[in-house]
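Here's the letter readout for the chains.
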Amino acid sequence: MLILSSPSGAGKTTVSRMLLEADAEIGLSVSVTTRPMRKGEIDGKDYIFVDRAEFERRVDEGEFLEWAEVFGNLYGTPKAQIKAGLKEGHDFLFDIDWQGTQQLYQRMETDVVRVFLLPPSIEALEQRLRSRATDSDEVIAARMARARAEISHWDGYDYVVVNDDIDACFETVRGILETERLSRARQTGLIDFVRDLTRES
Ligand code: 5GP
């Protein structure tokens, strides 16, 4: 379970997309949210969009691996799909915030790798947020305050990558994924493999 978190504007969505395209072994965990759908988003692909009553019903039924309120909307990771996929040996990419990261880590410690992306500077982040849309200074200021709040959680992650070049950042995250896959504890089937290697004929 590879978790990628960052303040918005630090390139998390782009790095996620590049990773999913480059690596057939990893799939995206599609979250459930009460946030209204944005233009261009597809229900079931970007998020599963539900209303608050439906979200709360799913919480009561224990359907989430983790869930959190992020800036006034509810977001959660559905349990069934992830558990089944992991059992079959698939890897999952999670684009979730620090609260969800803490919960996932508490539940599935050894299965989780946590990566936090940082912008190269606060000016660069502001520029990226400004170039996205023609928002008012007030909206930008609110986004910057959120970004600063998110950045303050950097120390709850295993890896921190500064994104000053998107291609280099992607290669670094890909390297982390590949290295973590090689960790002894994650290589299922290794015992039988080594037993075969050391068997005297
Ligand atoms: P957005 O609404 O911009 O797509 O996402 C807002 C924030 O919610 C991002 O920081 C994103 O990582 C986080 N988020 C998205 N899905 C989940 C989820 O299932 N659980 C948690 N805890 N956070 C999520």
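Residues numbered from 1 in each chain as written. Predicted model: local features only at pLDDT ≥ 70, side-chain atom pairs only at ≥ 80, totals over all residues. Heavy atoms only, no water.

A. Region of the structure containing the site of the ligand. Neighbouring the ligand are 15 residues; Ser31, Arg35, Tyr47, Tyr75 and Asp95 lie closest to it. At 3.1 Å from an oxygen atom of the ligand is found a side-chain nitrogen or oxygen belonging to Lys12. Within the contact set of the ligand, a nitrogen atom lies 2.7 Å away from a side-chain nitrogen or oxygen of Glu66. The fraction of the free accessible surface of the ligand (510 Å²) that becomes covered by protein chains is 88%. Given that more than half its atoms are within 2 Å of the pocket grid, the ligand belongs to the largest pocket. Among the secondary structure elements, those contributing two or more residues to the shell around the ligand are β5 (64-70) and β6 (73-78). (Near = heavy atom within 4 Å. Polar contact = N/O pair within 3.5 Å; in protein donor to acceptor, adjacent residues only side chain to side chain. Areas by Shrake-Rupley, 256 points an atom, 1.4 Å probe, with all protein chains shown as cover. 1 Å grid on protein atoms, 1.4 Å probe; cavity = no way out; pocket = protein on both sides within 12 Å on 5 of 7 lines; lining within 4 Å. Sits in = over half its atoms within 2 Å of the grid points. Helix = DSSP H or I, 4+ residues; strand = E, 2+ residues; numbered from the N terminus.)

B. Up close: a negative patch on the surface. A cluster of acidic side chains, namely Asp164, Asp165, Asp167 and Glu171, defines a negative patch on the protein surface. Structurally, Asp164 can be placed in the loop between β9 (159-162) and α7 (166-181). (Patch = residues over 30% accessible without salt bridge, like charges linked within 9 Å, V, L, I, M, F, W, Y side chains within 5 Å. Salt bridge = Lys/Arg side-chain N within 4 Å of Asp/Glu carboxyl O. Lys, Arg positive; Asp, Glu negative; His and termini not counted. Charge placed at Lys NZ, Arg CZ, Asp CG, Glu CD.)

Don't take any of this as a statement about function, it's just geometry.
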